[in-house]
Amino acid sequence: MSLQLQCDVNALNAAYAAALDEKRFDDWLEFFTVDAMYKVQARENFDRGLPLALIALESKAMMKDRVYGVTNTIFHGPYYMRHIIGPVRLMGNDEDLIRSEASYAVFRTKPGSVSEVYNVGRYIDTLVRTQAGLKISSRLCVYDSEMVLNSLIYPI
Amino acid sequence: MSLQLQCDVNALNAAYAAALDEKRFDDWLEFFTVDAMYKVQARENFDRGLPLALIALESKAMMKDRVYGVTNTIFHGPYYMRHIIGPVRLMGNDEDLIRSEASYAVFRTKPGSVSEVYNVGRYIDTLVRTQAGLKISSRLCVYDSEMVLNSLIYPI
Amino acid sequence: MSLQLQCDVNALNAAYAAALDEKRFDDWLEFFTVDAMYKVQARENFDRGLPLALIALESKAMMKDRVYGVTNTIFHGPYYMRHIIGPVRLMGNDEDLIRSEASYAVFRTKPGSVSEVYNVGRYIDTLVRTQAGLKISSRLCVYDSEMVLNSLIYPI
(Lines give C-alpha, C1' and ligand atoms only; values in the text may rest on other atoms or scores of the structure.)
Protein backbone atom coordinates (compact mmCIF):
# COMPACT_ATOMS: atom_id res chain seq x y z
CA MET A 1 0.00 0.00 0.00
CA SER A 2 1.31 3.41 -0.99
CA LEU A 3 0.85 5.02 2.43
CA GLN A 4 2.86 2.26 4.07
CA LEU A 5 5.51 2.39 1.37
CA GLN A 6 5.88 6.16 1.67
CA CYS A 7 6.43 5.87 5.42
CA ASP A 8 8.81 2.94 4.98
CA VAL A 9 11.01 4.79 2.50
CA ASN A 10 11.11 7.88 4.73
CA ALA A 11 12.17 5.64 7.61
CA LEU A 12 14.79 3.97 5.43
CA ASN A 13 16.23 7.36 4.49
CA ALA A 14 16.30 8.45 8.13
CA ALA A 15 18.16 5.29 9.15
CA TYR A 16 20.55 5.58 6.20
CA ALA A 17 21.42 9.15 7.15
CA ALA A 18 21.93 8.22 10.79
CA ALA A 19 24.39 5.46 9.84
CA LEU A 20 26.51 7.90 7.84
CA ASP A 21 26.28 10.77 10.31
CA GLU A 22 27.34 8.48 13.14
CA LYS A 23 30.11 7.03 10.96
CA ARG A 24 28.70 3.51 11.23
CA PHE A 25 29.95 2.66 7.75
CA ASP A 26 29.49 -1.08 8.16
CA ASP A 27 25.84 -0.42 8.88
CA TRP A 28 25.73 1.81 5.81
CA LEU A 29 26.68 -1.19 3.65
CA GLU A 30 23.68 -3.12 4.89
CA PHE A 31 21.23 -0.73 3.24
CA PHE A 32 22.27 -2.12 -0.13
CA THR A 33 21.69 -5.32 -2.05
CA VAL A 34 24.75 -7.40 -2.93
CA ASP A 35 24.90 -6.17 -6.52
CA ALA A 36 23.83 -2.62 -5.78
CA MET A 37 25.11 0.47 -7.56
CA TYR A 38 26.15 3.59 -5.62
CA LYS A 39 27.11 6.71 -7.49
CA VAL A 40 27.78 10.35 -6.64
CA GLN A 41 27.56 12.58 -9.69
CA ALA A 42 27.49 16.32 -10.43
CA ARG A 43 24.14 17.57 -11.65
CA GLU A 44 25.76 19.15 -14.66
CA ASN A 45 27.02 15.78 -15.86
CA PHE A 46 23.80 14.01 -14.98
CA ASP A 47 21.67 16.53 -16.88
CA ARG A 48 23.82 16.17 -19.98
CA GLY A 49 23.90 12.42 -19.81
CA LEU A 50 27.65 12.38 -19.30
CA PRO A 51 29.07 9.36 -17.50
CA LEU A 52 31.70 11.04 -15.30
CA ALA A 53 30.99 10.56 -11.61
CA LEU A 54 32.89 11.54 -8.48
CA ILE A 55 32.26 8.13 -6.93
CA ALA A 56 31.00 5.08 -8.79
CA LEU A 57 30.72 1.80 -6.92
CA GLU A 58 29.16 -1.03 -8.81
CA SER A 59 28.69 -3.66 -6.14
CA LYS A 60 28.63 -4.07 -2.41
CA ALA A 61 32.18 -5.44 -2.61
CA MET A 62 33.34 -2.14 -4.09
CA MET A 63 31.48 -0.28 -1.35
CA LYS A 64 33.24 -2.39 1.24
CA ASP A 65 36.56 -1.41 -0.32
CA ARG A 66 35.58 2.21 -0.15
CA VAL A 67 34.61 1.92 3.50
CA TYR A 68 37.96 0.30 4.20
CA GLY A 69 39.72 3.12 2.40
CA VAL A 70 37.76 5.79 4.23
CA THR A 71 38.27 4.31 7.66
CA ASN A 72 41.80 2.94 7.34
CA THR A 73 43.88 4.47 4.59
CA ILE A 74 42.78 7.91 3.44
CA PHE A 75 44.45 10.69 5.37
CA HIS A 76 42.04 13.54 5.79
CA GLY A 77 41.00 16.15 8.30
CA PRO A 78 38.14 14.81 10.38
CA TYR A 79 34.67 16.31 10.05
CA TYR A 80 31.13 15.60 11.12
CA MET A 81 28.34 15.16 8.60
CA ARG A 82 24.67 15.88 9.20
CA HIS A 83 22.07 14.83 6.63
CA ILE A 84 18.65 16.41 6.43
CA ILE A 85 16.55 14.48 3.95
CA GLY A 86 13.29 15.85 2.60
CA PRO A 87 10.05 13.87 2.22
CA VAL A 88 10.24 11.03 -0.28
CA ARG A 89 8.71 11.20 -3.73
CA LEU A 90 7.50 7.86 -5.01
CA MET A 91 7.92 7.78 -8.77
CA GLY A 92 5.74 4.79 -9.51
CA ASN A 93 6.41 1.25 -8.48
CA ASP A 94 5.32 -2.29 -8.92
CA GLU A 95 5.53 -5.04 -6.36
CA ASP A 96 9.14 -5.82 -7.15
CA LEU A 97 10.85 -2.55 -7.97
CA ILE A 98 10.31 0.79 -6.30
CA ARG A 99 11.59 4.02 -7.77
CA SER A 100 11.82 6.98 -5.46
CA GLU A 101 13.59 10.29 -5.06
CA ALA A 102 14.34 12.59 -2.14
CA SER A 103 16.25 15.83 -1.77
CA TYR A 104 19.05 16.03 0.76
CA ALA A 105 21.26 18.64 2.37
CA VAL A 106 24.47 17.60 4.08
CA PHE A 107 26.13 19.94 6.55
CA ARG A 108 29.75 19.60 7.50
CA THR A 109 31.34 20.63 10.76
CA LYS A 110 35.10 20.67 11.18
CA PRO A 111 36.59 20.70 14.68
CA GLY A 112 36.30 24.14 16.24
CA SER A 113 34.39 25.57 13.29
CA VAL A 114 30.85 26.58 12.44
CA SER A 115 28.69 24.19 10.45
CA GLU A 116 28.49 24.81 6.74
CA VAL A 117 26.47 23.66 3.77
CA TYR A 118 28.52 20.84 2.35
CA ASN A 119 26.58 19.10 -0.38
CA VAL A 120 22.98 19.43 -1.52
CA GLY A 121 21.20 17.39 -4.15
CA ARG A 122 18.83 14.52 -4.60
CA TYR A 123 18.84 10.77 -4.28
CA ILE A 124 17.51 8.91 -7.30
CA ASP A 125 16.82 5.43 -6.04
CA THR A 126 15.71 2.00 -6.98
CA LEU A 127 14.59 -0.09 -4.02
CA VAL A 128 13.65 -3.72 -3.74
CA ARG A 129 11.72 -5.68 -1.15
CA THR A 130 13.73 -8.44 0.45
CA GLN A 131 13.17 -10.79 3.35
CA ALA A 132 15.26 -8.39 5.42
CA GLY A 133 13.05 -5.46 4.41
CA LEU A 134 13.57 -2.71 1.84
CA LYS A 135 17.05 -2.55 0.33
CA ILE A 136 18.64 -0.11 -2.08
CA SER A 137 19.57 -1.68 -5.39
CA SER A 138 20.67 1.64 -6.86
CA ARG A 139 21.33 5.03 -5.29
CA LEU A 140 22.48 7.86 -7.48
CA CYS A 141 23.35 11.03 -5.56
CA VAL A 142 23.10 13.96 -7.95
CA TYR A 143 24.58 17.02 -6.29
CA ASP A 144 24.05 20.66 -7.20
CA SER A 145 27.21 21.78 -5.44
CA GLU A 146 29.73 22.18 -8.22
CA MET A 147 32.57 23.15 -5.99
CA VAL A 148 32.91 20.34 -3.51
CA LEU A 149 34.47 21.65 -0.33
CA ASN A 150 37.87 19.99 -0.16
CA SER A 151 37.46 16.48 -1.33
CA LEU A 152 34.46 14.37 -0.60
CA ILE A 153 35.65 11.58 1.65
CA TYR A 154 32.62 9.88 3.15
CA PRO A 155 29.65 8.63 1.15
CA ILE A 156 26.68 10.96 0.90
CA MET B 1 -8.35 10.37 7.32
CA SER B 2 -5.67 12.43 8.99
CA LEU B 3 -2.86 9.89 8.53
CA GLN B 4 -3.55 9.66 4.82
CA LEU B 5 -3.86 13.43 4.51
CA GLN B 6 -0.58 14.02 6.32
CA CYS B 7 1.24 11.68 3.95
CA ASP B 8 -0.51 13.17 0.92
CA VAL B 9 0.52 16.71 1.79
CA ASN B 10 4.11 15.64 2.44
CA ALA B 11 4.11 13.96 -0.96
CA LEU B 12 2.60 17.06 -2.56
CA ASN B 13 5.36 19.22 -1.05
CA ALA B 14 8.03 16.82 -2.26
CA ALA B 15 6.65 16.88 -5.79
CA TYR B 16 6.25 20.67 -5.72
CA ALA B 17 9.88 21.12 -4.65
CA ALA B 18 11.11 18.71 -7.33
CA ALA B 19 9.28 20.65 -10.05
CA LEU B 20 10.97 23.90 -9.02
CA ASP B 21 14.40 22.41 -8.42
CA GLU B 22 14.33 20.75 -11.83
CA LYS B 23 13.05 23.98 -13.39
CA ARG B 24 9.89 22.31 -14.66
CA PHE B 25 7.94 25.53 -14.25
CA ASP B 26 4.99 24.39 -16.35
CA ASP B 27 4.61 21.47 -13.96
CA TRP B 28 4.83 23.94 -11.06
CA LEU B 29 1.71 25.70 -12.36
CA GLU B 30 -0.27 22.47 -12.17
CA PHE B 31 -0.01 22.34 -8.38
CA PHE B 32 -2.42 25.26 -8.18
CA THR B 33 -6.13 25.76 -8.74
CA VAL B 34 -7.17 28.19 -11.50
CA ASP B 35 -7.90 31.04 -9.08
CA ALA B 36 -5.05 30.28 -6.69
CA MET B 37 -3.03 32.89 -4.84
CA TYR B 38 0.77 32.66 -4.65
CA LYS B 39 2.68 35.13 -2.53
CA VAL B 40 6.24 35.52 -1.25
CA GLN B 41 6.44 37.89 1.69
CA ALA B 42 9.03 38.93 4.27
CA ARG B 43 8.29 37.70 7.76
CA GLU B 44 8.62 41.20 9.13
CA ASN B 45 5.76 42.42 6.94
CA PHE B 46 3.67 39.31 7.54
CA ASP B 47 4.02 39.59 11.32
CA ARG B 48 2.94 43.24 11.26
CA GLY B 49 0.04 42.60 8.93
CA LEU B 50 1.55 44.79 6.23
CA PRO B 51 0.52 43.99 2.68
CA LEU B 52 3.85 44.49 0.86
CA ALA B 53 5.07 41.28 -0.76
CA LEU B 54 8.04 40.48 -2.96
CA ILE B 55 5.87 38.45 -5.30
CA ALA B 56 2.07 38.47 -5.35
CA LEU B 57 0.29 36.45 -8.01
CA GLU B 58 -3.45 36.32 -7.72
CA SER B 59 -4.39 33.70 -10.27
CA LYS B 60 -2.89 30.93 -12.32
CA ALA B 61 -2.88 33.30 -15.30
CA MET B 62 -0.56 35.63 -13.39
CA MET B 63 1.62 32.68 -12.45
CA LYS B 64 1.82 31.71 -16.12
CA ASP B 65 2.98 35.22 -16.91
CA ARG B 66 5.62 34.96 -14.24
CA VAL B 67 6.86 31.65 -15.59
CA TYR B 68 7.06 33.19 -19.05
CA GLY B 69 9.04 36.10 -17.63
CA VAL B 70 11.40 33.84 -15.73
CA THR B 71 12.08 31.51 -18.61
CA ASN B 72 12.06 33.95 -21.52
CA THR B 73 12.64 37.56 -20.62
CA ILE B 74 14.46 38.16 -17.35
CA PHE B 75 18.20 38.31 -17.74
CA HIS B 76 19.86 36.79 -14.74
CA GLY B 77 22.79 34.68 -13.76
CA PRO B 78 21.77 31.03 -13.74
CA TYR B 79 21.59 29.12 -10.47
CA TYR B 80 20.34 25.83 -9.12
CA MET B 81 17.78 25.67 -6.34
CA ARG B 82 17.39 22.84 -3.86
CA HIS B 83 14.40 22.76 -1.52
CA ILE B 84 14.36 20.81 1.70
CA ILE B 85 10.88 20.87 3.16
CA GLY B 86 10.17 19.83 6.73
CA PRO B 87 7.29 17.61 7.86
CA VAL B 88 3.84 19.11 7.31
CA ARG B 89 1.76 20.57 10.09
CA LEU B 90 -1.97 20.16 9.56
CA MET B 91 -3.72 23.14 11.07
CA GLY B 92 -7.25 21.78 11.11
CA ASN B 93 -9.33 20.94 8.09
CA ASP B 94 -12.75 19.99 6.97
CA GLU B 95 -13.61 17.92 3.94
CA ASP B 96 -13.36 20.85 1.56
CA LEU B 97 -10.58 23.07 2.81
CA ILE B 98 -7.26 21.97 4.27
CA ARG B 99 -4.96 24.36 6.05
CA SER B 100 -1.36 23.30 6.48
CA GLU B 101 2.08 24.71 7.08
CA ALA B 102 5.61 23.48 6.49
CA SER B 103 9.05 24.98 6.97
CA TYR B 104 11.41 25.10 4.02
CA ALA B 105 15.05 25.83 3.34
CA VAL B 106 16.17 26.65 -0.19
CA PHE B 107 19.83 26.35 -1.10
CA ARG B 108 21.27 28.09 -4.12
CA THR B 109 24.24 26.99 -6.15
CA LYS B 110 25.77 29.24 -8.76
CA PRO B 111 28.06 27.77 -11.44
CA GLY B 112 31.45 26.93 -10.00
CA SER B 113 30.48 27.96 -6.48
CA VAL B 114 29.66 26.32 -3.19
CA SER B 115 26.01 25.92 -2.20
CA GLU B 116 24.63 28.56 0.11
CA VAL B 117 21.54 29.12 2.21
CA TYR B 118 19.30 31.13 -0.06
CA ASN B 119 15.91 31.50 1.53
CA VAL B 120 14.35 29.91 4.60
CA GLY B 121 10.82 30.28 5.86
CA ARG B 122 7.48 28.57 5.94
CA TYR B 123 4.66 27.80 3.58
CA ILE B 124 1.23 28.77 4.84
CA ASP B 125 -1.18 26.89 2.63
CA THR B 126 -4.78 26.31 1.81
CA LEU B 127 -5.36 23.12 -0.13
CA VAL B 128 -8.47 21.74 -1.79
CA ARG B 129 -9.41 18.28 -2.96
CA THR B 130 -10.13 18.11 -6.67
CA GLN B 131 -10.78 15.29 -9.10
CA ALA B 132 -7.11 15.58 -10.06
CA GLY B 133 -6.02 15.23 -6.44
CA LEU B 134 -4.92 17.83 -3.90
CA LYS B 135 -4.34 21.32 -5.31
CA ILE B 136 -3.03 24.47 -3.72
CA SER B 137 -5.59 27.27 -3.59
CA SER B 138 -3.29 29.54 -1.64
CA ARG B 139 0.43 29.36 -0.87
CA LEU B 140 2.01 32.14 1.13
CA CYS B 141 5.79 31.83 1.46
CA VAL B 142 6.85 33.80 4.51
CA TYR B 143 10.63 34.06 4.52
CA ASP B 144 12.92 34.89 7.42
CA SER B 145 15.76 35.94 5.18
CA GLU B 146 15.57 39.71 5.16
CA MET B 147 18.40 40.21 2.80
CA VAL B 148 17.51 38.26 -0.29
CA LEU B 149 20.67 37.23 -2.09
CA ASN B 150 20.59 39.17 -5.35
CA SER B 151 17.06 39.22 -6.57
CA LEU B 152 14.73 36.32 -6.19
CA ILE B 153 14.02 35.12 -9.70
CA TYR B 154 12.36 31.73 -9.48
CA PRO B 155 9.34 30.94 -7.33
CA ILE B 156 10.06 29.45 -3.92
CA MET C 1 0.60 0.86 15.14
CA SER C 2 4.02 1.82 13.82
CA LEU C 3 2.75 3.70 10.76
CA GLN C 4 0.50 5.86 12.91
CA LEU C 5 3.26 6.42 15.45
CA GLN C 6 5.76 7.45 12.80
CA CYS C 7 3.34 10.03 11.42
CA ASP C 8 2.44 11.24 14.91
CA VAL C 9 6.07 11.84 15.88
CA ASN C 10 6.77 13.66 12.62
CA ALA C 11 3.75 15.85 13.32
CA LEU C 12 4.92 16.44 16.89
CA ASN C 13 8.33 17.54 15.63
CA ALA C 14 6.75 19.87 13.10
CA ALA C 15 4.58 21.48 15.77
CA TYR C 16 7.51 21.72 18.20
CA ALA C 17 9.63 23.49 15.59
CA ALA C 18 6.82 25.88 14.72
CA ALA C 19 6.40 26.89 18.37
CA LEU C 20 10.09 27.77 18.66
CA ASP C 21 10.38 29.46 15.28
CA GLU C 22 7.35 31.62 16.04
CA LYS C 23 8.72 32.35 19.52
CA ARG C 24 5.67 30.86 21.22
CA PHE C 25 7.77 29.70 24.17
CA ASP C 26 4.79 29.03 26.42
CA ASP C 27 3.52 26.63 23.78
CA TRP C 28 6.98 25.07 23.65
CA LEU C 29 6.67 24.13 27.33
CA GLU C 30 3.50 22.18 26.63
CA PHE C 31 5.35 19.62 24.51
CA PHE C 32 6.96 18.26 27.68
CA THR C 33 5.80 16.22 30.65
CA VAL C 34 6.01 17.85 34.10
CA ASP C 35 9.22 16.05 35.04
CA ALA C 36 10.80 16.15 31.60
CA MET C 37 14.48 16.59 30.90
CA TYR C 38 15.71 19.00 28.21
CA LYS C 39 19.37 19.14 27.36
CA VAL C 40 21.56 20.73 24.68
CA GLN C 41 24.95 19.10 24.45
CA ALA C 42 27.96 19.17 22.13
CA ARG C 43 28.45 15.98 20.18
CA GLU C 44 32.04 15.73 21.32
CA ASN C 45 30.94 15.54 24.96
CA PHE C 46 28.05 13.23 24.20
CA ASP C 47 30.25 10.80 22.27
CA ARG C 48 32.75 10.64 25.13
CA GLY C 49 30.10 10.24 27.79
CA LEU C 50 31.05 13.55 29.40
CA PRO C 51 28.31 15.28 31.36
CA LEU C 52 28.96 18.90 30.39
CA ALA C 53 26.00 20.42 28.55
CA LEU C 54 25.31 23.90 27.24
CA ILE C 55 21.77 23.80 28.62
CA ALA C 56 20.46 21.25 31.11
CA LEU C 57 16.92 21.65 32.38
CA GLU C 58 15.67 18.86 34.58
CA SER C 59 11.99 19.67 34.93
CA LYS C 60 9.28 21.74 33.34
CA ALA C 61 9.71 24.25 36.18
CA MET C 62 13.32 24.80 35.12
CA MET C 63 12.18 25.19 31.51
CA LYS C 64 9.66 27.80 32.61
CA ASP C 65 12.47 29.69 34.32
CA ARG C 66 14.51 29.53 31.16
CA VAL C 67 11.63 30.84 29.09
CA TYR C 68 11.20 33.70 31.56
CA GLY C 69 14.90 34.46 31.30
CA VAL C 70 14.88 34.37 27.52
CA THR C 71 11.82 36.55 27.13
CA ASN C 72 12.30 38.98 30.00
CA THR C 73 15.84 39.27 31.29
CA ILE C 74 18.55 38.22 28.86
CA PHE C 75 19.78 41.10 26.73
CA HIS C 76 20.62 39.84 23.28
CA GLY C 77 20.41 40.85 19.67
CA PRO C 78 17.17 39.57 18.20
CA TYR C 79 17.20 36.82 15.58
CA TYR C 80 14.82 34.51 13.80
CA MET C 81 15.18 30.75 13.98
CA ARG C 82 14.01 28.28 11.35
CA HIS C 83 14.07 24.55 12.09
CA ILE C 84 14.08 21.93 9.37
CA ILE C 85 13.64 18.52 10.95
CA GLY C 86 14.31 15.34 9.03
CA PRO C 87 12.11 12.24 9.05
CA VAL C 88 11.84 10.50 12.41
CA ARG C 89 13.65 7.28 13.24
CA LEU C 90 11.77 5.08 15.67
CA MET C 91 14.29 3.24 17.80
CA GLY C 92 11.98 0.63 19.24
CA ASN C 93 9.13 1.25 21.62
CA ASP C 94 6.64 -0.42 23.83
CA GLU C 95 3.19 0.83 24.66
CA ASP C 96 4.43 3.15 27.37
CA LEU C 97 7.77 4.50 26.26
CA ILE C 98 8.78 5.55 22.77
CA ARG C 99 12.37 6.17 21.79
CA SER C 100 12.98 8.16 18.64
CA GLU C 101 15.59 10.29 16.95
CA ALA C 102 15.54 12.94 14.23
CA SER C 103 18.16 15.15 12.66
CA TYR C 104 17.62 18.89 12.65
CA ALA C 105 19.12 21.98 11.07
CA VAL C 106 18.43 25.39 12.55
CA PHE C 107 19.01 28.49 10.47
CA ARG C 108 19.40 31.89 12.03
CA THR C 109 18.55 35.23 10.47
CA LYS C 110 19.59 38.46 12.10
CA PRO C 111 17.88 41.71 11.07
CA GLY C 112 19.11 42.90 7.71
CA SER C 113 21.32 39.87 7.18
CA VAL C 114 21.35 36.70 5.14
CA SER C 115 20.26 33.44 6.77
CA GLU C 116 23.03 31.23 8.06
CA VAL C 117 23.44 27.71 9.35
CA TYR C 118 23.16 28.10 13.08
CA ASN C 119 23.06 24.70 14.71
CA VAL C 120 22.77 21.20 13.27
CA GLY C 121 22.46 17.95 15.15
CA ARG C 122 19.99 15.36 16.27
CA TYR C 123 17.23 15.02 18.80
CA ILE C 124 17.44 11.92 20.97
CA ASP C 125 14.01 11.58 22.51
CA THR C 126 11.90 9.64 24.89
CA LEU C 127 8.18 10.16 24.37
CA VAL C 128 5.20 9.04 26.38
CA ARG C 129 1.53 8.73 25.55
CA THR C 130 -0.68 10.86 27.74
CA GLN C 131 -4.35 11.75 27.72
CA ALA C 132 -3.31 14.98 26.02
CA GLY C 133 -1.45 13.07 23.30
CA LEU C 134 2.27 12.39 22.86
CA LYS C 135 4.55 14.30 25.21
CA ILE C 136 8.31 14.53 25.41
CA SER C 137 9.72 13.11 28.64
CA SER C 138 13.31 13.62 27.52
CA ARG C 139 14.83 15.56 24.64
CA LEU C 140 18.56 15.62 24.26
CA CYS C 141 19.79 17.91 21.47
CA VAL C 142 23.24 16.74 20.43
CA TYR C 143 24.75 19.35 18.14
CA ASP C 144 27.64 18.94 15.72
CA SER C 145 28.35 22.64 15.61
CA GLU C 146 31.29 23.08 17.94
CA MET C 147 31.50 26.78 17.55
CA VAL C 148 28.11 28.10 18.52
CA LEU C 149 27.49 31.40 16.77
CA ASN C 150 27.40 33.96 19.55
CA SER C 151 25.64 32.46 22.46
CA LEU C 152 22.70 30.16 22.09
CA ILE C 153 19.76 32.02 23.58
CA TYR C 154 16.60 30.22 22.56
CA PRO C 155 15.99 26.50 22.98
CA ILE C 156 16.72 24.33 19.97
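Residues numbered from 1 in each chain as written. Chains lettered and ligands numbered in written order. Predicted model: local features only at pLDDT ≥ 70, side-chain atom pairs only at ≥ 80, totals over all residues. Heavy atoms only, no water.

Quick word on the relation of the copies chain A and chain B
Part 1 of the reasoning: It takes a turn of 120° to lay chain A on chain B, together with a shift of 0.0 Å along the axis; the resulting RMSD is 0.0 Å. Overall, the copies show the geometry of a three-fold rotation axis. Within chain A, Gly86(A) has its C-alpha nearest the rotation axis, a separation of 3.8 Å.
Part 2 of the reasoning: Little of the interface of chain A is mirrored in chain B, where only 20% of its interface residues again form contacts. (Least-squares fit on C-alpha atoms with pLDDT ≥ 70 in both. Contact = heavy atoms within 4.5 Å.)

Things to note about the pattern of salt bridges
Part 1 of the reasoning: Evaluated as defined, the whole model comprises 42 salt bridges over all chains.
Part 2 of the reasoning: Measuring nitrogen to oxygen at the nearest pair gives 2.8 Å for the salt bridge that ties Asp125(A) to Arg139(A). A residue pair is termed long-range when its members are at least 10 positions apart, and Asp125(A) in strand β6 (residues 115-130) and Arg139(A) in strand β7 (residues 133-143) qualify at 14 residues. Just as Asp125(A) is buried, Arg139(A) falls in that class too.
Part 3 of the reasoning: Each member of the salt-bridge network shares a partner with another, and the members are Glu22(A), Arg24(A), Asp27(A), Arg89(C), Glu101(C) and Arg122(C). (Salt bridge = Lys/Arg side-chain N within 4 Å of Asp/Glu carboxyl O. Helix = DSSP H or I, 4+ residues; strand = E, 2+ residues; numbered from the N terminus. Buried < 20%, exposed > 50% of the residue type's maximum accessible area, 1.4 Å probe, protein only.)

Points about the packing of helix α1 (residues 2-21) of chain A against helix α1 (residues 2-21) of chain C
Part 1 of the reasoning: In contact at an axis separation of 10 Å, α1(A) and α1(C) are set at 60° when each is read in the N-to-C sense. By the angle between their directions, the pair α1(A) and α1(C) is classed as oblique. By crossing handedness, the relation of α1(A) to α1(C) is classed as left-handed. Of α1(C), the residues touching α1(A) (which contributes Leu3(A), Gln4(A), Cys7(A), Asn10(A) and Ala11(A)) are Leu3(C), Gln6(C) and Cys7(C). (Axes fitted to C-alpha atoms, helices over the stretch in contact; angles between N-to-C directions. Parallel < 35°, antiparallel > 145°, perpendicular 65-115°, else oblique. Left-handed = near helix turned anticlockwise from the far one by under 90°.)

Some words on the relation of the copies chain C and chain A
Part 1 of the reasoning: Between chain C and chain A, which share one sequence, the superposing operator has a rotation angle of 120° and an axial displacement of 0.0 Å; the RMSD is 0.0 Å.
Part 2 of the reasoning: An asymmetric contact is evident, with only 20% of the interface residues of chain C recurring at the interface of chain A.

Describing the interface of chain C and chain A
Part 1 of the reasoning: In this assembly, 25 residues from chain C lie in contact with 25 residues from chain A.
Part 2 of the reasoning: In this assembly, chain C packs against chain A so that about 2,100 Å² is buried in total across both faces, 61% of it on carbon and sulfur atoms.
Part 3 of the reasoning: Looking only at chain C, the three residues that lose the most surface to chain A are Leu3(C), Arg43(C) and Arg89(C), adding up to 27% of its buried area.
Part 4 of the reasoning: Linking Glu22(A) and Arg89(C) is a salt bridge whose minimum nitrogen-to-oxygen distance equals 3.8 Å.
Part 5 of the reasoning: Seen at the junction of chain C and chain A, the total is 5 residue pairs in polar contact (both at pLDDT 80 or more).
Part 6 of the reasoning: Going through the elements one at a time, α1, α3 (43-48), β5 (97-109) and β6 (115-130) of chain C are the ones with two or more residues in the side of chain C that touches chain A.
Part 7 of the reasoning: Considering each element in turn, the side of chain C that touches chain A owes the most residues, 5 residues, to β5(C).
Part 8 of the reasoning: Considered class by class, the residues forming the side of chain C that touches chain A number 12 nonpolar, 5 polar and 8 charged. (Buried area = accessible area lost by both parts, 1.4 Å probe. Polar contact = N/O pair within 3.5 Å; in protein donor to acceptor, adjacent residues only side chain to side chain. Nonpolar A, V, L, I, M, F, W, Y, C, P; charged D, E, K, R; others polar.)

Quick look at the environment of Thr130(C)
All names here are of chain C.
Part 1 of the reasoning: Here Thr 130 is to be found in strand β6.
Part 2 of the reasoning: Look at Thr 130 and you get partly exposed, because its relative accessible area is 32%.
Part 3 of the reasoning: It is 8.9 Å that separates the C-alpha atoms of Thr 130 and Thr 33, two residues lying 97 residues apart in sequence.
Part 4 of the reasoning: A distance of 3.0 Å separates a polar atom in the side chain of Thr 130 from the backbone nitrogen of Ala 132.
Part 5 of the reasoning: At 2.7 Å, the side chain of Thr 130 forms a polar contact with the backbone oxygen of Gly 133.

Thoughts on helix α1 (residues 2-21) of chain B
Part 1 of the reasoning: Here α1(B) contains 20 residues, and its C-alpha end-to-end distance of 28 Å stays within 8% of the 28 Å for a straight helix at 1.5 Å per residue.
Part 2 of the reasoning: Where burial is concerned, most of α1(B) is hidden: 15 out of the 20 residues are buried. (Expected span 1.5 Å × (residues − 1).)

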